[in-house]
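# Chain and residue survey
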Amino acid sequence: MDKKENSKQFQAPSGRLVLLGLSSLILSMSFIMAVFAPFPLSLASVIYGRFVGYLLGVACLGVILFISLTIFKQTTMFFFYGVAFLLSIFITEIVLRGMTPMKGIVRFGVGFFVFLILGGGIIVQSSNLSLKEMVIAEVKKSTTELNKQKEEILNQNDSDEAVRILNLLSQPEELAQEIIKTLPSYFFISIFFVLWANLYLVLKSRRMLFITRRYKFNEENLLRFKMPEQAIWFLVLGLFLSMWGSELFQTEWASDIGLTVVKCLGLFYFFQGFGIYIQFLDHIRLTGLLRTFLVMFTVLIAPWLLALGGVFDMWIDFKKFFSKNKND
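Here the structure is a predicted model, which is why all the values come from computation and not from measurement.

Turning our attention to the overall build of the chain. Looking only at helices and strands, the chain has 15 helices and zero strands in total. Per-residue burial over the chain gives 41% buried out of 328 residues. Sequence separation of at least 24 residues holds for 69% of the intrachain contacts in the chain that already meet a minimum separation of 6. In the form shown here, the chain has an accessible surface area of approximately 19700 Å², with 66% of it arising from carbon and sulfur atoms.

What follows is the structure, given as structure tokens:
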């Protein structure tokens, strides 16, 4: 595959370029759909080339900065859109350089994760506060907002989880401790999920737009991803630490580290399980709205089930059965 896309094969009008930029802005300002904000920017780069696509991203950054300062009176939205723009650049480079999709995700994802950890460490070291003290200070600054969230949580959900969250909101130190424990896994999962989901959409869209070209890699390569067999031992170690690490090493952080390992590896097994699930739906020839509903329902409600499917695929090899039945 060529390292550069021949964008002349798809002469889209400039109006569509503007539409892609607006789509990215709208997605970024939504809640659940914000994870797909990089997709329109990456697609624009694939269609029009790097220069135009990256220029569009810079223009959208300017728009979101104006909105953040004039309407919301804070730069939080600008910061998150900046991250989305950076992730869109990673996705664009994976596609235009013809990199193996999953290797590209791992390379850029790990690099960005390490950058965030080092950057956070530098910020903490440059201050006179510990990490926990910094988090507590930020929590206390948002006391008014947290009180509003208490009422919303209480009105929307009366489960035990809601009660636990309410208790944490009333105890800044406990909340800070919880944030510190979950932040690494949250960042890791967010980075790789956003990269994976948006790369899948870009590869699929490119294949549909440039129908006369053949590519070495497409979205099927992401769906055929399979974890190395050796990774199961790290998963077992993580499970062991999460259950008995605190008792064995006499520190709560051992269990927290084990749980973080399980969550991070579980994401990659989720990718593998998702590919199996899609191939199963293809095997039974399920299409249309029902297929879309089932995929969305499963991903949102039972992602752990797909991750388990990815784990057991190491011994069962589900895709082999689908191929065998297809040939019969």
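It is the contact of helix α9 (residues 172–209) with helix α12 (residues 252–283), at a shortest axis distance of 10 Å, that shows an interaxial angle of 15°. Judged on the interaxial angle alone, α12 and α9 are roughly parallel. For the pair α9 and α12, the sense of crossing is right-handed. Contacts from Q177, I180, K181, S185, F188, I189, F192, F193 and W196 in α9 reach E252, W253, D256, T260, K263, C264, L267, F268, F270, F271 and F274 in α12.

With that out of the way, let us pick up the pattern of salt bridges. For the coordinates displayed, the defined rule picks out eight salt bridges. R50 is paired through a salt bridge with E93; the nearest N and O atoms lie 2.9 Å apart. Taken together, the residues span a long stretch of sequence, with R50 in helix α3 (residues 50–72) and E93 in helix α4 (residues 76–96) at a distance of 43 residues. Here R97 makes a salt bridge to E93, at a shortest N to O gap of 2.9 Å. The network of salt bridges with common partners includes R50, E93 and R97.

Further remarks concern helix α5 (residues 101–126). The terminal C-alpha atoms of α5, which comprises 26 residues, lie 37 Å apart, in line with the 38 Å expected from a rise of 1.5 Å per residue. The complete set of buried residues in α5 reads P101, M102, G104, I105, F108, G109, F112, F113 and V124. Buried residues belonging to α5 abut α4, α6 (131–141), α9, α10 (219–223) and α12.

A separate point is α12. Here α12 contains 32 residues, and its C-alpha end-to-end distance of 46 Å stays within 8% of the 46 Å for a straight helix at 1.5 Å per residue. Remark: R285 follows α12 within two positions and exhibits a positive phi of approximately 60°.

Another point: unusual backbone geometry. Here the phi dihedral of Q250 falls at roughly 60°; this positive angle occurs in a residue that is not glycine. Mapped onto the fold, Q250 is located in the loop between α11 (231–249) and α12.

A word on the confidence of the model for the chain. Mean pLDDT over the chain works out to 86, with 85% of the residues at or above the 70 mark. Within the model, pLDDT remains below 50 along residues 1–12, and this stretch shows 32 contacts once partners closer than five positions in the same chain are excluded.

For the rest of this paragraph, the subject is the packing of helix α1 (residues 14–29) against α3. α3 packs onto α1 with a crossing angle of 45° between their chain directions and a minimal axis gap of 10 Å. Taken as axis vectors, α1 and α3 run oblique relative to one another. Crossing hand, α1 versus α3: right-handed. Here L17, L20, G21, L25, S28 and M29 of α1 come into contact with α3, specifically with V52, L56, C60, V63, I64 and I67.

Glancing now at the environment of L306. Among the structural elements, L306 can be located in helix α14 (residues 303–316). The sequence separation of L306 and F274 amounts to 32 residues, and the corresponding C-alpha distance is 5.8 Å. Leaving out residues up to four positions away in the same chain, L306 has contacts with Y269, F270, G273, F274, Y277, T298 and V299.

The next thing to look at is the nonpolar core. M102, I105, W196, L199, L222, F268 and F271 are the most contacted members of the largest nonpolar core, which totals 65 residues. Beyond its immediate stretch of four places on either side in the chain, W196 contacts M102, I105, L222, F271 and F274. The next biggest cluster of nonpolar side chains, apart from the first, holds six residues, and it includes V135, I136, A176 and I180.

Our next topic: the packing of aromatic side chains. Following the criterion strictly, the structure yields 18 aromatic pairs and no others. When the ring of F112 is compared with that of F115, the centres are 6.4 Å apart and the planes differ by 15°; the resulting orientation is stacked. Taken as a pair, F112 and F115 lie in helix α5 at a separation of three residues, close to a single helical turn. Overall, the relative accessible area of 7% leaves F112 in the buried class. F115 sits in the exposed class, given a relative accessible area of 57%. Plain terms: the ring middles of W196 and Y200 are 6.0 Å apart, the flat faces sit at 15° to each other, and that makes the pair stacked. One end of the pair is W196 and the other is Y200, both in helix α9 and four residues apart, which spans about a single turn. Its relative accessible area of 17% is what places Y200 among the buried residues. Aromatic rings pair up to connect F113, F188, F192, W196, Y200, F268, F270, F271 and F274 into one cluster.

Rules and cut-offs
Residues numbered from 1 in each chain as written. Predicted model: local features only at pLDDT ≥ 70, side-chain atom pairs only at ≥ 80, totals over all residues. Heavy atoms only, no water. Helix = DSSP H or I, 4+ residues; strand = E, 2+ residues; numbered from the N terminus. Buried < 20%, exposed > 50% of the residue type's maximum accessible area, 1.4 Å probe, protein only. Contact = heavy atoms within 4.5 Å. Areas by Shrake-Rupley, 256 points an atom, 1.4 Å probe, with all protein chains shown as cover. Axes fitted to C-alpha atoms, helices over the stretch in contact; angles between N-to-C directions. Parallel < 35°, antiparallel > 145°, perpendicular 65-115°, else oblique. Left-handed = near helix turned anticlockwise from the far one by under 90°. Salt bridge = Lys/Arg side-chain N within 4 Å of Asp/Glu carboxyl O. Expected span 1.5 Å × (residues − 1). pLDDT = per-residue confidence, 0-100. Core = buried A, V, L, I, M, F, W, Y, C linked by side-chain atoms within 4.5 Å. Phe/Tyr/Trp six-rings, centres within 6.5 Å; stacked < 30°, edge-to-face > 60°.

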